[in-house]
Amino acid sequence: MDVDTRLLRYFVAVAEEGSLTRAAQRLYVSQPALTKQIRQLEAQLGTRLFTRSRTGMALTEPGRALAERAPGVLAGWDRVLRDTRSAASRAARVLRVGFMANAAGEATQLIVAEFGRRRPGWRTEMLQASWSDPSAGLGSGEVDAALLRLPIPGQDALRVEPLFTEPRWVVLPAAHPLADREVIAFSELWDEPFVAAKAETGAWRDYWLAADERDGRPVRIGAVTEHPDDWLNAIANGYGIALAPESATRFYARPGIVYRPVSGVSPTRVGVAWAPADDDNPVVRDFVSCCLDSCPGV
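Let us look at the structure shown here. (Residues numbered from 1 in each chain as written. Predicted model: local features only at pLDDT ≥ 70, side-chain atom pairs only at ≥ 80, totals over all residues. Heavy atoms only, no water.)

Considerations on the sheet that holds strand β5 (residues 145-150)
Strands belonging to one sheet form pairs held by backbone hydrogen bonds; the direction of such a pair is parallel or antiparallel.
Item 1. The sheet built from 5 strands is open, its strands ordered β4-β3-β5-β13-β6 with mixed pairing. Each of the sheet's edge strands pairs with one partner strand only, and the pair in question is β4 (123-128) and β6 (159-166). Direction aside, neighbouring strands of the sheet carry axes that sit 25° apart on average.
Item 2. Sheet strands in contact with helix α5 (residues 107-118) are β3 (94-99), β4 and β5, and its direction is about 150° off that of β4. (Pairing = 2+ DSSP bridges. Helix = DSSP H or I, 4+ residues; strand = E, 2+ residues; numbered from the N terminus. Axes fitted to C-alpha atoms, helices over the stretch in contact; angles between N-to-C directions. Contact = heavy atoms within 4.5 Å.)

So this is what it looks like as structure tokens:
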């Protein structure tokens, strides 16, 4: 019998978290979807793996047996995939770099150019991720390194070098009553509806809603999007406002929206991240060095 490794990953997340809600946030999936996958795994194995209660998810005896072995199976499979992809990248001389939105802003082209100088014959393949994966493919091993907006869920399991910080601004519909203001206090925006990422992104979504900088005021969600174009359209159509890095004013300017500085909210950080397994990978090390050398704000 063959079992999809995705089902095993879902099982391990629930077993480790002891909660469907926390596991769903960790995996960037919805709770109903996660419940369905656990039931599918139980059906394939012909046994219950968890007992469900108001306090969480407790492993059954078969579940404990699987929980003891599954992490090792997944770790071995991940090593196989990582080694295979790394071998393919080396053969093609391609470094796969995931990124969110505008990556490292204007520094991105400097980083890519510097990497090309240090690694003649190599090419940087930039792969844009949707907002449903704040690790930009690094968590799943689809990329060798990533340029990320910090913090992200699961950051402690990665190697991260901060590159620079920049202010968070607010993005408003052009017809918004505050659109003509030069600077807007964040407290004036607390009761506004916000355009947000999916709830499954957890702490990353909360950070871009500045959920912990509202003096306890709850967040109103006007729309949920996964991609920059949908995000911009939702704002322009008046479904909500959003926080964005100051560099978005240059990379995502369009009719129908305005960007304004915000006071009373912390800045955002950009970092380069990679998997601990690549600590000794000379190509990844060179890329990280290029990032640090090309970003004077470090």
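That covers the picture; the talk isn't over yet.
Describing the pattern of salt bridges
Item 1. The full count for this structure, using the stated rule, is 16 salt bridges.
Item 2. As a salt-bridge pair, Asp-4 and Arg-6 come within 3.0 Å of each other at their nearest N and O atoms.
Item 3. Looking at Arg-6, the relative accessible area reads 36%, which means it is partly exposed.
Item 4. The salt bridge involving Lys-198 is made with Glu-226; its shortest N-O contact spans 3.2 Å. Linking Lys-198 in the loop between β9 (193-196) and α6 (203-208) with Glu-226 in the loop between β10 (220-224) and α7 (228-236), this pair joins segments that are 28 residues apart in sequence.
Item 5. Given a relative accessible area of 32%, Lys-198 falls into the partly exposed group.
Item 6. With relative accessibility at 24%, the residue Glu-226 sits in the partly exposed group. (Salt bridge = Lys/Arg side-chain N within 4 Å of Asp/Glu carboxyl O. Buried < 20%, exposed > 50% of the residue type's maximum accessible area, 1.4 Å probe, protein only.)

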